[in-house]
There are 2 protein chains.
Amino acid sequence: MPGAVERTRPARTGRRPGNPDTRTAILDAARATFAASGFDGASIRRIAAAAGVDPALVHHYFGTKDELFLATIDLPIDLPTLLAGIGAAGPDGVGVRLAGLIVSVWESPMAPGLAGWLRTALADEQRAALIRQFVVARMVGPFTAALGIPEPERTRRAGLVMSQILGVIVSRYLLFLDPVVQLTGEQLIASVGQTLQRYLTEPLPPAGRP
Amino acid sequence: MPGAVERTRPARTGRRPGNPDTRTAILDAARATFAASGFDGASIRRIAAAAGVDPALVHHYFGTKDELFLATIDLPIDLPTLLAGIGAAGPDGVGVRLAGLIVSVWESPMAPGLAGWLRTALADEQRAALIRQFVVARMVGPFTAALGIPEPERTRRAGLVMSQILGVIVSRYLLFLDPVVQLTGEQLIASVGQTLQRYLTEPLPPAGRP
């Protein structure tokens, strides 16, 4: 990754705004900086310095740090915004809405792109670590907060929800496990939606059984 | 894979039973035959022919076809037997027992071996396809049958159970997603156990909601 920054440096001077090489240089610098410092530790200022451009130019090309991060991981869909919409509608029926979002996204023309993206992400440990940070900080956190779930329950409920959502995605859309694939979208949404609703809003069972 | 069989052929004659090369030759032949014909299509007879040995020798070294398959995929634990034990104890409390099995296996000294095995399995498409067939035919099928769940519900319930179990394994033990890792084993067993119980034995919600 530092090599990528190195390579882009000779091209960084005398470029007009709008030059695709500048965009690439910023993206390379952002990937290297996020990888070295983590999502929270990397700032637009440091990324701009690594790319040899003004921070304003980074904002001009990519908007916020969140948006820049999304660009570096090539996520083919704006999941944070979709998820925020589902959380903003409140706790009633949130489980079924969330399950419906998974099915509608993964059974759309976006699915092959998303599957390729997720396979790549799972195979690259450094990239996976960044995505994990981002998902927790910018997706799960705001989502559970929007539903009004207080800490410390928020983390516990988020963990349960993630375990079920990731299982649906991996078993149905990456591994094509036969019994999971055979469920209709409606059956999946009804049952998994009920589980997600329970994980998010219903009383949690006492722990401590064997 | 056919190359592997080819390589073992010169070594197949004049070997004493108990020769490690014979064992390896049978394993190589089994992997190639399972890969070419699938789990159901491969027979001990065909595997023995591919290895150039008597079928009785295959049984002598590896037992049943199930056991031979388990040896070819190097599964570091006899999951079919563990799962059968949980199913045999009947439907009451089966969800918590099943969740407890996952946690106890994946939080034991076997965990690194299992994680390495699963990562390899997920990365190799042909191997993953065989494991899928085996899991469905020899683990999920007998388990749901032992609980007395009739078809066609059996497949639907199995799909839901697999989606939750795989999600726990991938999110907690492969990806180490922070909120999932933060759950205590007891919290996980209580909540996921409740979900698995619902998926296995409680009335399924009507499908058809949006």
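Residues numbered from 1 in each chain as written. Chains lettered and ligands numbered in written order. Predicted model: local features only at pLDDT ≥ 70, side-chain atom pairs only at ≥ 80, totals over all residues. Heavy atoms only, no water.

With an unreviewed UniProt entry as reference, chain A is termed Transcriptional regulator, TetR family, source organism Nakamurella multipartita.

**Student:** Give a description of the nonpolar core that names residues and reports values.
**Tutor:** Counting 137 residues, the largest nonpolar core has F34(A), L68(A), W106(A), F34(B), L68(B) and W106(B) as the members making the most contacts within it. Among all residues touching W106(B), those that are not within four sequence positions of it are A111(B), L114(B), A115(B), L118(B), I169(B) and Y173(B). (Core = buried A, V, L, I, M, F, W, Y, C linked by side-chain atoms within 4.5 Å. Buried < 20%, exposed > 50% of the residue type's maximum accessible area, 1.4 Å probe, protein only. Contact = heavy atoms within 4.5 Å.)

**Student:** A description of the packing of aromatic side chains should follow, citing residues and the corresponding values.
**Tutor:** Residue and element names in this part refer to chain A. On inspection of all chains with the given rule, the structure shows 14 aromatic pairs over all chains. Relative to F69, the ring of F39 lies with its centre 5.1 Å away and its plane at 80°, an arrangement referred to as edge-to-face. Taken together, the residues span a long stretch of sequence, with F39 in helix α2 (residues 20–41) and F69 in helix α5 (residues 65–72) at a distance of 30 residues. The pair formed by F39 and F69 is uniform in burial state, with each residue classed as buried. Ring plane angle 20° and centroid distance 4.6 Å describe the contact between F69 and F134, whose orientation is recorded as stacked. Here F69 is found in helix α5, whereas its partner F134 is found in helix α9 (residues 125–146), with 65 residues between them in sequence. By relative accessible area, F69 is classed as buried at 0%. One aromatic cluster is present, built from ring pairs that chain together F34, F39, F69 and F134. (Phe/Tyr/Trp six-rings, centres within 6.5 Å; stacked < 30°, edge-to-face > 60°. Helix = DSSP H or I, 4+ residues; strand = E, 2+ residues; numbered from the N terminus.)

**Student:** Tell me what's going on with helix α5 (residues 65–72) of chain B, and back it up with residues and numbers.
**Tutor:** All names here are of chain B. Looking at α5, one finds that the buried residues are K65, L68, F69, L70 and T72. Taken together, the buried residues of α5 touch α2 (20–41), α3 (44–51), α4 (55–62), α6 (79–88) and α9 (125–146). Just past α5, the residue D74 takes up positive phi, approximately 55°.

**Student:** Summarise the interface of chain A and chain B; cite the residues concerned and give the values.
**Tutor:** Contact with chain A, which involves 41 residues of that partner, is made by 41 residues of chain B. Counting each side, the surface lost to burial between chain A and chain B is near 4000 Å², with a carbon and sulfur contribution of 65%. Here chain A is connected to chain B by 0 salt bridges. Taken together, the connections running from chain A to chain B amount to 12 residue pairs in polar contact (both at pLDDT 80 or more). Of all the elements in the fold, those that place two or more residues in the side of chain A that touches chain B are α9, α10 (153–174), α11 (178–182) and α12 (185–201) of chain A. Of the residues forming the side of chain A that touches chain B, the biggest block, 13 residues, is contributed by α10(A). Classifying every residue of the side of chain A that touches chain B gives 24 nonpolar, 12 polar and 5 charged. (Buried area = accessible area lost by both parts, 1.4 Å probe. Salt bridge = Lys/Arg side-chain N within 4 Å of Asp/Glu carboxyl O. Polar contact = N/O pair within 3.5 Å; in protein donor to acceptor, adjacent residues only side chain to side chain. Nonpolar A, V, L, I, M, F, W, Y, C, P; charged D, E, K, R; others polar.)

**Student:** I'd like to hear about the relation of the copies chain A and chain B, residue by residue, with values.
**Tutor:** With an RMSD of 0.0 Å, the operation that places chain A on chain B is a rotation of 180° combined with a shift of 0.0 Å along the axis. Accordingly, the operation relating the two chain copies is best matched by a two-fold axis. Closest approach to the rotation axis among the C-alpha atoms of chain A is made by G167(A), whose C-alpha sits 1.6 Å away. An overlap of 100% is found between the interface residues of chain A and their copies at the interface of chain B, pointing to a shared contact surface. (Least-squares fit on C-alpha atoms with pLDDT ≥ 70 in both.)

**Student:** An account of the UniProt feature "DNA-binding region" (unreviewed entry) in chain A is requested, with residue identities and associated values reported.
**Tutor:** What UniProt calls "DNA-binding region" (unreviewed entry) maps, in this numbering, to residues 43–62 of chain A. Overall, residues 43–62 of chain A shows 80% helix and 0% strand. The separation of its end C-alpha atoms is 13 Å. (UniProt positions renumbered as here; feature names shortened; annotations may be inferred.)

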